[in-house]
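Given next are the chains, with one letter for each unit.
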Amino acid sequence: MLRFHKRKNNKRSFELHPDEILLDVDNLPQFDAQQFEGRVEQPIRKRSLFGLFVFIAALGLFFVGRLVVLQVAQHQVYLTKSEQNSLTHIPILADRGLVYDRNGVELAWNDQRIKDAPAKRIYIQAGGFASLIGYVSYPAKDEKGFFWQDRTVGKDGVEKQFDTALAGVNGTRLVETDVSGAILSANSVELPQAGENLTLSIDSRIQSVLFSGIKSLAEQSDYRGGAGAIMDI
């Protein structure tokens, strides 16, 4: 007896739709090219994935190698440096603003003769301005060399009344020193801003003449001091 067996077809059948084969030209302009609509997607090749993996692995090995060098091979070098060296923020003193009379004559200005030292305040030498302009106190350091007063401060007269405008804003310098205090490196972190210049309504010529008149009258009358005002100039 002959038996016939129907052979099974192991191939799976797929149903194809016309939309998967033909593209409607009327809908083509509506595709969003930024979203890759209307394009055939292809899988990333294994060779590209392998190359990316090799690059990431090499980069990781490089950073691990640098970490081993810094933490193990050069550990003692950086440990000694960190213990002996220190970073300090040192103020860069701002220049104080100048003071002028109404005619542009300087009444108070700065004299910077010593580098990296507070500028000395200089005043007009004519009489009658000491109590008007006032005076200042300069930046000061403690025994360890740190500023406990890091700017020039107005103490009397115009210097005190307009201290905020005249003072300016200090800058900052980052200094690295060794255990002996020697400076190894210095970098400016923030530059100083000079104070504003001030022009008064005072006429220095009239001020001097008035002072001379008061002084002469006080000496003749045996007065110790006095004040005066010009009513009609």
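To be clear, the structure that these remarks concern was listed above.
Rules and cut-offs
Residues numbered from 1 in each chain as written. Predicted model: local features only at pLDDT ≥ 70, side-chain atom pairs only at ≥ 80, totals over all residues. Heavy atoms only, no water. Helix = DSSP H or I, 4+ residues; strand = E, 2+ residues; numbered from the N terminus. Buried < 20%, exposed > 50% of the residue type's maximum accessible area, 1.4 Å probe, protein only. Contact = heavy atoms within 4.5 Å. Areas by Shrake-Rupley, 256 points an atom, 1.4 Å probe, with all protein chains shown as cover. Salt bridge = Lys/Arg side-chain N within 4 Å of Asp/Glu carboxyl O. Pairing = 2+ DSSP bridges. Lys, Arg positive; Asp, Glu negative; His and termini not counted. Polar contact = N/O pair within 3.5 Å; in protein donor to acceptor, adjacent residues only side chain to side chain. Patch = residues over 30% accessible without salt bridge, like charges linked within 9 Å, V, L, I, M, F, W, Y side chains within 5 Å.

Observations concerning the overall build of the chain
Here comes step 1: Along its length, the chain carries seven helices and 11 strands.
Here comes step 2: Evaluated residue by residue, the chain yields a buried proportion of 18% over its 233 residues.
Here comes step 3: Taking contacts inside the chain between residues at least 6 apart in sequence as the whole, the part at least 24 apart equals 51%.
Here comes step 4: In the form shown here, the chain has an accessible surface area of approximately 19,700 Å², with 55% of it arising from carbon and sulfur atoms.

Here's the deal with unusual backbone geometry
Excluding glycine, residues mostly have negative phi values, and the peptide bonds linking residues are mostly trans.
Here comes step 1: The backbone of D222 sits at a positive phi, close to 60 degrees, despite the residue not being glycine.
Here comes step 2: Relative to the elements of secondary structure, D222 occurs in the segment after α7 (204–221).

Here we look at the pattern of salt bridges
Here comes step 1: Under the counting rule described, the total for this entry stands at five salt bridges.
Here comes step 2: For D163, the salt bridge goes to R151, with nearest N and O atoms at 2.9 Å. Of the two residues, D163 is situated in helix α6 (residues 163–167) and R151 in the loop between β7 (147–149) and β8 (153–154); the sequence distance between them amounts to 12 residues.
Here comes step 3: Residue R151 is classed as partly exposed on the basis of its relative accessible area, which comes to 30%.
Here comes step 4: Across the salt bridge formed by D203 and R205, the nearest N and O atoms sit 3.1 Å from each other.
Here comes step 5: Salt bridges here are not isolated pairs; linked through shared partners, they connect R96, R121, R151, E159 and D163.

Observations regarding the sheet that holds strand β4 (residues 120–123)
Here comes step 1: Taken in spatial order, the four strands line up as β4-β3-β2-β11 in an open sheet, and their pairing is mixed. Of all strands in the sheet, those with a lone pairing partner are β4 and β11 (198–199), marking the two edges.
Here comes step 2: In the sheet, strand β2 (residues 99–100) pairs with β11 via two bridges, with the strands oriented parallel. Bridged to V99 within β11 is L198.

Considering the side chain of D101
Here comes step 1: Note that D101 resides in the loop between β2 and β3 (106–111).
Here comes step 2: Put simply, D101 is tucked away with no salt bridge, and the nearest opposite charge, on R205, sits 6.1 Å away.
Here comes step 3: Among the polar contacts made by the side chain of D101, one reaches the main-chain amide nitrogen of N103 at a distance of 2.9 Å.
Here comes step 4: One polar contact links the side chain of D101 to the main-chain amide nitrogen of V105, over a distance of 2.7 Å.

Points about the side chain of Q207
Here comes step 1: Following the sequence through the fold, Q207 ends up in helix α7.
Here comes step 2: Within the local environment of Q207, its side chain forms a polar contact with the backbone oxygen of G128, the two atoms lying 2.7 Å apart.
Here comes step 3: Beyond its immediate stretch of four places on either side in the chain, Q207 contacts G127, G128, F129, L132 and I202.

Digging into the pairing of β4
Here comes step 1: Of the two faces of β4, the one holding R121 and Y123 is buried and the one holding K120 and I122 is not buried anywhere.
Here comes step 2: Both β3 and β4 contribute to a ladder of four bridges, which runs antiparallel. The residue bridging A108 from the neighbouring strand is Y123, located in β4.

Focus: a nonpolar patch on the surface
Here comes step 1: A cluster of nonpolar side chains, L52, F55, I56, L59, F62 and F63, forms an exposed patch at the surface whose accessible area comes to about 660 Å².
Here comes step 2: For F62, the position within the fold is in helix α2 (residues 46–73).

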